[in-house]
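# Inside the fold
Listed here are the chains, written in short residue letters.
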Amino acid sequence: MTALPTLEPATTPARCAPTGRPVLGAEAARQKALVFKALADPNRLRLLSIVKGEPSGESCVCDLTEPLGLGQPTVSHHLKILVDAGLLHREKRGTWAYYSLVPGALDDVSGILAKL
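Report on the accompanying structure. (Residues numbered from 1 in each chain as written. Predicted model: local features only at pLDDT ≥ 70, side-chain atom pairs only at ≥ 80, totals over all residues. Heavy atoms only, no water.)

## Section: the sheet that holds strand S2 (residues 88–93)
Our working definition: DSSP-based pairing: two strands are paired if at least 2 bridges between them are found. Helix and strand definitions follow DSSP, with helices as H or I runs of at least four residues and strands as E runs of at least two, each counted in order from the N terminus. Angular values range over 0 to 180 degrees, each being the angle between N-to-C directions of two axes fitted as lines to C-alpha atoms, with helices fitted over their stretch in contact. What makes two residues a contact is simply this: any of their non-hydrogen atoms within 4.5 Å.
The strand order S1-S3-S2 describes an open sheet built from three strands, whose pairing is antiparallel. Strands at the two margins of the open sheet, each flanked by one partner only, are strand S1 (58–60) and S2. Taken pair by pair, the neighbouring strands of this sheet meet at an average axis angle of 25°, ignoring direction. The pairing of S1 with strand S3 (residues 96–101) spans three bridges and is classified as antiparallel. Bridge pairing in S3 places Cys 60 opposite Tyr 98. Each of S1, S2 and S3 is contacted by helix H2 (residues 42–53), which is oriented at about 85° to S3, the strand it contacts most. Sheet contacts for helix H4 (residues 72–84): S2 and S3; angle to S2, the most-contacted strand, approximately 120°.

## Some points on the packing of H2 against H4
Worth spelling out the cut-off: Any angle from 65 to 115 degrees is called roughly perpendicular, while one under 35 is roughly parallel, one over 145 is roughly antiparallel, and all others are oblique. Polar here means any residue other than Ala, Val, Leu, Ile, Met, Phe, Trp, Tyr, Cys and Pro, which are nonpolar, and Asp, Glu, Lys and Arg, which are charged; Gly is therefore polar.
H4 packs onto H2 with a crossing angle of 75° between their chain directions and a minimal axis gap of 10 Å. Here H4 runs roughly perpendicular to H2, going by the angle between their axes. The segment H2 lies against H4, with Asn 43, Arg 44, Leu 47 and Leu 48 engaging Val 75, His 78, Leu 79, Ile 81 and Leu 82. Looking at the contact of H2 with H4 residue by residue, the classes come out as six nonpolar, two polar and one charged.

Here you go:
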């Protein structure tokens, strides 16, 4: 019978040295997560799409309820989240509020992922 060779235990590699790249801080991560939470809802994605697709570049809240099949308070709630995330701008005109994309906001969102 042939004896099998004895294998030597592998040496434990040294701990990885830090890369020196900046790490995302807690506050920056919170701000970025706010944007992605806003985008994580299908109704809010649809609202962004509708507002972006308007030839005038803005939409009245009164015109956003029917396409989504939601009530005005629910649509207003979703719009507030998008405004708080820095994706939409809100302008009050009399009784109605008009929403438009914040210039560069969608480019900023794609940049967040590219910089991670």
